[in-house]
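# What the coordinates show
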Amino acid sequence: MSFFDAVFYLFAVITTLAATGVIIARNPVHAALFLVLAFCSAAGIWMLLEAEFLAITLVLVYVGAVMVLFLFVVMMLDINLVKLREGFWRWFPFGAGIAGLMVFEMVWVLGSRQTSESGRAVAHAADYSNTKELGRLLYTHYVYPFELAAVVLLVAMVAAIALTLRRRAGVKSQNVSEQVKVKKADRLRVVKMPPESRADGK
Amino acid sequence: MMEWLEPIQKMLGPAWLPIWTLLKIVVIVLPLMGAVAYLTLAERKVIGWMQIRIGPNRVGYFGLLQPLADGLKLLMKEIIVPSGANKFLFIVAPILTLMPALAVWAVVPFNAELVVANVNAGLLYVLAMASLGVYGIIIAGWASNSKYAFLGSLRSAAQIVSYEIAMGFALVTVLMAAQSLNLGDIVRGQQGTHGFLNWYFIPLFPMFVVYFISGVAETNRAPFDVAEGESEIVAGFHVEYSGMAFALFFLGEYANMILVSFLTSIMFLGGWLSPLPFLPDGILWMFIKVAVVLFLFLWFRATFPRYRYDQLMRLGWKVFIPVSLIWVVVVGVWMQTSYWLW
């Protein structure tokens, strides 16, 4: 077993254990943290495939942003753990069926002759840049699907904001542009008046 | 590689690479820790002078041993784990804050040759590692089982996620200008015959400002230190921490400050390049630029009052993100014309 294989198996074992942790952890916050660990070690495996752009983006987007917001929500939820575990055995056969189906699919895809023959990643030249290669493909070969996906995402984002936006009456938020526009004359009145002198002349 | 090391390399064989890498890490981390220690002293002195005080001057000549005394004090103190706290996460949180702050240094170039890992996707790596730093703060706040700590960590999480977007766009303009994600190549892209006029802070000036202010916000420094907010939520996410666990948060914050200063110098201020064409380039220029940027951090803290939370969010979402989005387009168009001189 070479050093490369050892690193791969290390990451693979951590990913699997962390993924198991996600579903068996009692506390939802612990489950979310296990998911973070699973993402990080999956990024490590991608790094071994010389897909550094994908690996770093996985950490940047999923670990750095998505999971932070996840944790944010999960931490604020008041979850009743007993209620959460109700009906576990009732739904167990259903879940086990889906899990079996997924295992079957993965074995089917990964074990087929077309993919198993090139089981090892293609070795690249020393000056190979995954980022450049991806960029070139995305903006030449796949430019229309890529732009389409971007538009779909934008629409989804606008829709999500529009759905959750509620206008409340009587909110006392400040209007910054009005504050900036204020002139001295709007707030301050300089009054000119003759000096008053006392009757006794002092 | 240096020639005189070759006999040692032959003697160690395959064990050479890990040992050499470990040595490089030590050579970076030890001076960094020293820099953090003396940055705390510099901060107290500078803010003292700005407020017409003397600052620490009792321990050692000119207060020079003050950081050592502080460190020793923190080492001797007991670490108290609050009742009802999640003990494992409570201990892990400060480590999680410091770890990414140190890991980023792997790709930071000090001069044309001096870098631990010359990674092609260096800028992405920096962004990814910087985004991991927030976990320490969130976990610390949650594991402390305290309302103040929890509020602080929620504020911090929202703040860091918001400012990361503007920061990312600022870096996008830099990589457009340099046409590379490699930090060394970004500095080399600013080389030219006109000295400091070739640096990216001129064409990317709005992004330079956005990046630096977002950097101040990302490191939770004043005036964006709502995660601590002494006057509102006591000390925020680290209110329950004492002794060395608290010191790790402190180290992480200051290491991040130094890091943001280094990145600002590398991406906008020409890194190790000299500002005047007739002076030689060198690592000294890098340190001078970093010191100037670090001074700005201290100056901010001494000058500005803390932002209110909604104003902070407004600045991030309604000012910085639109400005950076527009500037990405401006730079893209500008680069297609013949007026792009960088």
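What counts, and where the lines are drawn
- Residues numbered from 1 in each chain as written.
- Chains lettered and ligands numbered in written order.
- Predicted model: local features only at pLDDT ≥ 70, side-chain atom pairs only at ≥ 80, totals over all residues.
- Heavy atoms only, no water.
- Helix = DSSP H or I, 4+ residues; strand = E, 2+ residues; numbered from the N terminus.
- Polar contact = N/O pair within 3.5 Å; in protein donor to acceptor, adjacent residues only side chain to side chain.
- Contact = heavy atoms within 4.5 Å.
- 1 Å grid on protein atoms, 1.4 Å probe; cavity = no way out; pocket = protein on both sides within 12 Å on 5 of 7 lines; lining within 4 Å.
- Points joined across faces, edges and corners; volume = space filled by probe spheres on them.
- Nonpolar A, V, L, I, M, F, W, Y, C, P; charged D, E, K, R; others polar.
- pLDDT = per-residue confidence, 0-100.
- Phe/Tyr/Trp six-rings, centres within 6.5 Å; stacked < 30°, edge-to-face > 60°.
- Buried < 20%, exposed > 50% of the residue type's maximum accessible area, 1.4 Å probe, protein only.
- Lys NZ or Arg CZ within 6 Å of the ring centre and 35° of its normal.
- Buried area = accessible area lost by both parts, 1.4 Å probe.
- Salt bridge = Lys/Arg side-chain N within 4 Å of Asp/Glu carboxyl O.
- Expected span 1.5 Å × (residues − 1).
- Bend = angle between axes of the 7 residues up to and from the residue.
- Axes fitted to C-alpha atoms, helices over the stretch in contact; angles between N-to-C directions.
- Parallel < 35°, antiparallel > 145°, perpendicular 65-115°, else oblique.

### Some remarks on the side chain of B:Ser274
Residues and elements named next belong to chain B.
- Its location among the elements puts Ser274 in the loop between α10 (243-268) and α11 (283-303).
- At 2.8 Å, the side chain of Ser274 forms a polar contact with the backbone oxygen of Leu276.
- If sequence neighbours within four positions are ignored, Ser274 has contacts with Gly195, Trp199, Leu279, Pro280, Asp281 and Trp285.

### Comments concerning empty space enclosed by the protein
All names here are of chain B.
- On inspection of all chains with the given rule, the structure shows 1 cavity of 30 Å³ or more.
- Reported here for the largest cavity is a volume of approximately 370 Å³.
- Along its surface, the largest cavity is lined by 29 residues, and Ala130, Gly133, Glu218, Thr219 and Asn256 are the ones closest to its centre.
- Elements that contribute at least two residues to the lining of the largest cavity include exactly α4 (87-103), α5 (122-143), α6 (147-178), α8 (205-218) and α10.
- Sorting elements by how many residues they give to the lining of the largest cavity places α10 first, with 8 residues.
- Split by residue class, the lining of the largest cavity holds 19 nonpolar, 7 polar and 3 charged.

### Structural notes on the confidence of the model for chain A
- Per-residue confidence for chain A gives a mean pLDDT of 83, with 89% of residues at or over 70.
- The weakest mean pLDDT in chain A belongs to helix α6 (residues 113-116) of chain A at 63; the strongest belongs to helix α8 (residues 143-164) of chain A at 93.

### Brief notes about the packing of aromatic side chains
Residue and element names in this part refer to chain B.
- Counted by the stated rule, this structure contains 27 aromatic pairs over all chains.
- Here Phe295 and Trp299 contribute two aromatic rings whose centre-to-centre distance is 5.8 Å and whose plane-to-plane angle is 45 degrees, an arrangement assigned as tilted. Taken together, the residues span about one helical turn, with Phe295 and Trp299 both in helix α11 at a distance of 4 residues.
- For Phe295, a relative accessible area of 35% gives the class partly exposed.
- Three or more aromatic residues joined by ring pairs make a cluster, and in this case those are Trp199, Phe201, Phe205, Phe208, Tyr211 and Phe268.
- Above the ring of Phe62, the side-chain terminus of Lys45 is found at 4.3 Å from the ring centroid.

### Digging into the interface of chain A and chain B
- Taken together, the contacts link 23 residues of chain A with 26 residues of chain B.
- Note on chain A versus chain B: buried area summed over both sides is about 2100 Å², and carbon and sulfur give 78% of it.
- Taken as a group, A:Ile56, A:Leu60 and A:Met75 account for 26% of the area that chain A buries against chain B, more than any other trio of residues on that side.
- Counting across the chain A and chain B interface gives 0 salt bridges.
- The interface formed by chain A and chain B includes 2 residue pairs in polar contact (both at pLDDT 80 or more).

### Overview of α4(B)
- With 17 residues, α4(B) extends 25 Å from end C-alpha to end C-alpha; this agrees with the ideal 24 Å at 1.5 Å per step.
- In α4(B), a bend of some 30 degrees at B:Ala93 exceeds every other bend along the element, and B:Pro94, a proline, comes one to four places later.
- Looking at α4(B), one finds that the buried residues are B:Leu89, B:Phe90, B:Ala93, B:Pro94, B:Thr97, B:Leu98, B:Pro100 and B:Ala101.
- Along its buried surface, α4(B) packs onto α2 (28-48) of chain A together with α5 and α10 of chain B.

### What to know about the pattern of salt bridges
- Scanning all chains against the criterion turns up 8 salt bridges over all chains.
- Measuring nitrogen to oxygen at the nearest pair gives 3.5 Å for the salt bridge that ties A:Arg136 to A:Glu133. Of this pair, A:Arg136 and A:Glu133 both sit in helix α7 (residues 130-139), 3 residues apart, which is roughly one turn of the helix.
- For A:Glu133, a relative accessible area of 32% translates into the label partly exposed.
- Note that B:Asp70 is salt-bridged to B:Arg44, the shortest N-O span being 3.0 Å. Placement of B:Asp70 in helix α3 (residues 66-76) and of B:Arg44 in helix α2 (residues 16-50) is noted, with a sequence separation of 26 residues between them.
- Given a relative accessible area of 24%, B:Asp70 falls into the partly exposed group.
- Overlapping salt bridges, with partners in common, bring together B:Glu43, B:Arg221, B:Glu253 and B:Arg301 in one network.

### Section: the packing of α5(B) against α6(B)
Residues and elements named next belong to chain B.
- Between α5 and α6, the shortest axis-to-axis distance is 8 Å and the interhelical angle comes to 175 degrees. Comparing their axes, α6 and α5 come out roughly antiparallel. Between α5 and α6, the contacting residues are Leu123, Leu127, Ala130, Ser131, Val134, Ile137, Ile138, Gly141 and Trp142 on the first element and Ala149, Phe150, Ser153, Ser156, Ala157, Ile160, Glu164, Gly168, Leu171 and Leu175 on the second.
- Residue classes in the contact of α5 with α6 are distributed as 13 nonpolar, 5 polar and 1 charged.

### Quick word on unusual backbone geometry
Residues and elements named next belong to chain B.
- We note that Phe62 has phi near 65 degrees; this positive angle belongs to a residue other than glycine.
- At Gln179, a position not held by glycine, the phi torsion is positive, near 55 degrees.
- By the secondary structure assignment, Gln179 is in the loop between α6 and α7 (183-188).
- According to the relative accessible area criterion, Gln179 is exposed, its value standing at 60%.

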